[in-house]
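Results of the structural survey
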Amino acid sequence: MNIHSNYAYLVSIYWVCLLFISCSNDGGNDEVLDTDTYELIQPEGFPEIKYTTQNNPITQKGFELGRKLFFDPRLSADGSISCNNCHQQSRGFADSPVHPMSIGINSQAGNRNAPPLFNMAFRKEFFWDGGVTHLDFVPINALESDIEMGETIKNVVEKLNRNDEYRQLFKEAFDVDSITSPRILQAFSQYMLLMISNDSKFDQYQRQENNVTFTESEQKGMLFFDEKCSSCHSGSLFTDQSFRNNGISDTFSDNGRALITESNSDIGKFRVPTLRNIEVTGPYMHNANFDTLEEVLQHYANGVKDSETLDAILKTENNQLGIALTESEQADIIAFLKTLTDETFLTDPKFNNPI
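This is a predicted model, so every value here is computed, not measured. (Residues numbered from 1 in each chain as written. Predicted model: local features only at pLDDT ≥ 70, side-chain atom pairs only at ≥ 80, totals over all residues. Heavy atoms only, no water.)

Some words on the overall build of the protein chain
From N to C terminus, the protein chain includes 14 helices and 2 strands. Burial statistics for the protein chain: of 355 residues in total, 54% are counted as buried. A separation threshold of at least 6 residues defines the contact pool for the protein chain, and within that pool the share at least 24 residues apart is 69%. Here the protein chain has roughly 16,400 Å² of accessible surface; of this, 48% comes from carbon and sulfur atoms. (Helix = DSSP H or I, 4+ residues; strand = E, 2+ residues; numbered from the N terminus. Buried < 20%, exposed > 50% of the residue type's maximum accessible area, 1.4 Å probe, protein only. Contact = heavy atoms within 4.5 Å. Areas by Shrake-Rupley, 256 points an atom, 1.4 Å probe, with all protein chains shown as cover.)

Here it is, written out as C-alpha cells:
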C-alpha cells in the first residue's frame, strides 16, 4: 500500500520534468495562467500557506481539471476506483464508515483509514506517517498502490494522452500540447488547495458572525477541551501536526512514523489529526479503531495502553494512564467538537463531481 520508499526518486524526476516543460513553453504559459488566477486566501488565524503557489498558480481551468481527475475512475488500473471512492465530500473528503479500511481495485482492503482532505495548503507533511512532504506527490501514493488504484504514473500519462478531451483540457489549463506527470500532479494540487474549511459554527462564533451563540454544553466543552485536549489539538487547524503514540495498543503491526524515520523512538506514532469536521469523518484513528466520538473519549479516559513510546502527556507522575475525564465532561467536549462541523464546506457545489 505504501510507496514512500520511491518518494525521493519521484521527487527528483518530477522537478527535472517540471523544469523542462517550464523552459519549453516560450513564456506562453504565464499569459494563460494570469488571465484567470484564483487567489488562495489564508484565513485569519490560520498558519502560513506551505504550498508554493508561485510555481503552480491556481486557475479556474487548472482547478476544474484537477476536480475531473479526482473523480475519474479511469486513472485506476481496472477503471473502477477514483480518488473520490475513498474521499467523499460529505465526509470531509474522508471515506464512508462502511469502509473503515478503504477498498481499492479487486476489492482489496488497505491497512489504514483514509484521512480527510481539507486545509492541505497549510500542512507540511501528509499521510498518517508524514511520509510525503509535498502536496503534489500525495496522489501518487494512491495511484501507484497495488491495493488502491493499482496504476503507474507512466500509464496514467499514456492513457490521458490518448484522450482528446483531456489533451484539450490540459492545453487550456497549462498551455501544453502533451500531458506530463508534473502537470497531472499540479492539477490535482490546484483542486485540493482550495479545499479550505473555516466556516463551522465555531468559526462563526469566533468571528462573531450571524449572532451565533454556544449552548451551555458547548461552552463548557470548549473550556474542557482547552484544558485537556488542546496540547495536541492546538491552533486553528486543531492539530499541532506532530506524531504521537496515543495508547491505542501496546503492540504494533503498523510501526507508523518509524517506517519513515527508521527510529525505534517513533514506533507506534501517528500524525495528530485535525479535529475540524470530526463529527463526520469517523471511524477514528489510523486503524479505524473507534466508531464513535464517545468511544474516542472513553479511550482517553480509561483505555490508554502503555508502551515505550507512549506520549508523555498520557502518563502522569504516578503512572496513571490517560486523561482524567468524567462522563459529563466527555459529553460536553463532544458537544463542542460538533461545533467544528463546516456544512458550508461539506456541501460546497464547486467540489462536486463534474463527470
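Here's the deal with empty space enclosed by the protein
Scanning the entire structure with this criterion turns up 2 cavities of 30 Å³ or more. Empty space within the largest cavity amounts to approximately 120 Å³. Lining of the largest cavity is provided by P115, P116, F118, N119, R123, W128, L237, T239, R271, P273 and T274. (1 Å grid on protein atoms, 1.4 Å probe; cavity = no way out; pocket = protein on both sides within 12 Å on 5 of 7 lines; lining within 4 Å. Points joined across faces, edges and corners; volume = space filled by probe spheres on them.)

With respect to helix α13 (residues 327-337)
Along α13, 8 of the 11 residues are buried, which leaves the element largely enclosed by surrounding structure. Among all positions of α13, only E329, Q330, D332, I333, I334, A335, F336 and L337 are buried.

Things to note about the side chain of K228
One can find K228 in helix α10 (residues 216-228). Despite its burial, K228 pairs with no opposite charge; the closest candidate is E227, at 4.1 Å N-O. At 2.8 Å, the side chain of K228 and the backbone oxygen of A324 are in polar contact. Setting aside chain neighbours within four positions, we find K228 in contact with I323, A324, L325 and E329. (Lys, Arg positive; Asp, Glu negative; His and termini not counted. Salt bridge = Lys/Arg side-chain N within 4 Å of Asp/Glu carboxyl O. Polar contact = N/O pair within 3.5 Å; in protein donor to acceptor, adjacent residues only side chain to side chain.)

Regarding the confidence of the model for the protein chain
For the protein chain, mean pLDDT is 90; residues scoring 70 or higher make up 89% of the total. Considering only residues more than four positions removed or in separate chains, one finds that residues 5-35, a stretch of pLDDT under 50, has 37 contacts. (pLDDT = per-residue confidence, 0-100.)

Quick word on the layout of surface pockets
Put simply, the largest pocket is a space of about 790 Å³. At the level of elements, α10, β2 (270-271), α12 (293-302) and α13 are the ones that each hand at least two residues to the lining of the largest pocket. The leading source of residues in the lining of the largest pocket is α12, at 4 residues. Of the residues assigned to the lining of the largest pocket, the class counts are 27 nonpolar, 15 polar and 6 charged. The calculated volume of the second largest pocket comes to roughly 630 Å³. (Nonpolar A, V, L, I, M, F, W, Y, C, P; charged D, E, K, R; others polar.)

Notes on the pattern of salt bridges
For the coordinates displayed, the defined rule picks out 21 salt bridges. Close ionic contact of R112 with D129 constitutes a salt bridge, the shortest N to O distance being 3.0 Å. Note that R112 is positioned in the loop between α4 (83-86) and α5 (138-143) and D129 in the loop between α4 and α5, a separation of 17 residues in sequence. Overall, the relative accessible area of 10% leaves R112 in the buried class.

Here we look at the environment of G92
Here G92 lies in the loop between α4 and α5. G92 sits in the buried class, given a relative accessible area of 0%. Residues G92 and P115 lie 23 residues apart in sequence; the distance between their C-alpha atoms is 9.1 Å. Aside from chain neighbours lying at most four places away, what touches G92 is P116, L117, F118, V280, T281, F345 and L346.

Description of the environment of Q241
Here Q241 lies in the loop between α10 and β1 (243-244). Not counting the four nearest positions on each side in its chain, Q241 is found in contact with F122, R123, K124 and E125.

Side note on the side chain of E329
When you line up the elements, E329 lands in helix α13. In this structure E329 is buried but unpaired, with K228 as the nearest side chain of opposite charge at 4.1 Å.

So, the packing of aromatic side chains
Tallied over the entire structure, the rule returns 21 aromatic pairs. Seen from their ring centres, Y38 and F63 are 6.3 Å apart, and the 40° between their planes marks the pair as tilted. Here Y38, found in the loop between α2 (28-34) and α3 (60-70), pairs with F63, found in helix α3; they are 25 residues apart in sequence, far enough to count as distant. Summarising the aromatic geometry, the rings of Y166 and F170 are spaced 6.5 Å apart at their centres and angled 50° between planes, so their arrangement reads as tilted. Of the two residues, Y166 and F170 both sit in helix α7 (residues 164-174), 4 residues apart, roughly one turn of that helix. A single burial state applies to Y166 and to F170, both of which are buried. One aromatic cluster is present, formed by Y38, F63, F70, F71, F93, F118, Y191, F345 and F351 through successive ring pairs. (Phe/Tyr/Trp six-rings, centres within 6.5 Å; stacked < 30°, edge-to-face > 60°.)

Quick look at the packing of α12 against α13
Axis separation between α12 and α13 bottoms out at 10 Å; the angle between their running directions is 135°. Between α12 and α13, the angle falls in the class oblique. Helix-helix and strand crossings are classified by hand; for α12 and α13 the assignment is right-handed. From α12, L293, E294, L297, Q298 and A301 reach across to α13, where they touch Q330, I333 and I334. Grouping the amino acids of the contact of α12 with α13 by side-chain chemistry returns 5 nonpolar, 2 polar and 1 charged. (Axes fitted to C-alpha atoms, helices over the stretch in contact; angles between N-to-C directions. Parallel < 35°, antiparallel > 145°, perpendicular 65-115°, else oblique. Left-handed = near helix turned anticlockwise from the far one by under 90°.)

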